[in-house]
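Structural features, examined
Chain by chain, the residues run as shown.
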Amino acid sequence: QVQLVESGGGLVQAGGSLRLSCAASGLPFHAYNMGWFRQAPGKEREFVAVISWNGTSTHYSDLVKGRFTISRDNAKNTLSLQMNKLEPEDTAVYFCNTYWPRTLDWGQGTQVTVSS
């Protein structure tokens, strides 16, 4: 069974840092582009960052460019998101998923709350 488990969220002050992790199982992880997404209260889920199957290419939302870094470890089937200089606007539930050609069932996500 395909499973995506996010972790690493928490409470942090503006300007602080967090590192999120995504553990994937039940899929050929190494063959998929992987992405991070987030959903703020009352808002639609939005794209945050994506990394190619081999980790050689990355793209970011303009909202996080220069502050967040996406990475992956195909040997461990894990995806990471290093978040620096966090802002209150980054407050959301963060999810991981395949990026293309299809999206898998969403996990529970991990809550990130940034205070002023």
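Just above, that's the structure.
Quick summary incoming for the structure in this document. (Residues numbered from 1 in each chain as written. Predicted model: local features only at pLDDT ≥ 70, side-chain atom pairs only at ≥ 80, totals over all residues. Heavy atoms only, no water.)

1. Considering the overall build of the chain
Within the chain one finds zero helices and ten strands. Going from N to C terminus, the chain has its helices and strands arranged as β-β-β-β-β-β-β-β-β-β. Against the globule reference of 13 Å for 116 residues, the chain gives a C-alpha radius of gyration of 13 Å, in line with a compact fold. Restricting the contact set of the chain to residue pairs at least 6 apart, pairs at least 24 apart contribute 53%. Accessible area for the chain stands at about 6400 Å²; split by element, carbon and sulfur atoms hold 48% of it. In the chain, the 10 positive side-chain charges and the 9 negative ones have mean positions that sit 5 Å from each other. (Helix = DSSP H or I, 4+ residues; strand = E, 2+ residues; numbered from the N terminus. Rg over C-alpha atoms; globule rule 2.2 N^0.38 Å. Contact = heavy atoms within 4.5 Å. Areas by Shrake-Rupley, 256 points an atom, 1.4 Å probe, with all protein chains shown as cover. Lys, Arg positive; Asp, Glu negative; His and termini not counted. Charge placed at Lys NZ, Arg CZ, Asp CG, Glu CD.)

2. As for the side chain of arginine 38
Inspection of the secondary structure puts arginine 38 in strand β4 (residues 33-39). A polar atom in the side chain of arginine 38 sits 2.7 Å from the side chain of glutamate 46. Of note is the side chain of arginine 38, whose polar atom sits 3.0 Å from the side chain of tyrosine 94. When residues no more than four places from it in sequence are discounted, the contact partners of arginine 38 are Glu44, Arg45, Glu46, Val48, Leu63, Val64, Phe68, Glu89, Asp90, Ala92, Val93 and Tyr94. (Polar contact = N/O pair within 3.5 Å; in protein donor to acceptor, adjacent residues only side chain to side chain.)

3. Overview of the sheet that holds strand β6 (residues 58-60)
Judged by pairing direction, the sheet is mixed, and its six strands sit side by side in the order β2-β10-β9-β4-β5-β6 without closing on themselves. Among the strands making up the open sheet, the edge pair consists of β2 (10-13) and β6. Adjacent strand axes in the sheet meet at a mean angle of 30 degrees, parallel and antiparallel pairs treated alike. Judged from the three bridges that link them, strand β9 (residues 92-100) and strand β10 (residues 110-115) form a sheet pairing that is antiparallel. Paired with alanine 92 across the strands is valine 112, a residue of β10. (Pairing = 2+ DSSP bridges. Axes fitted to C-alpha atoms, helices over the stretch in contact; angles between N-to-C directions.)

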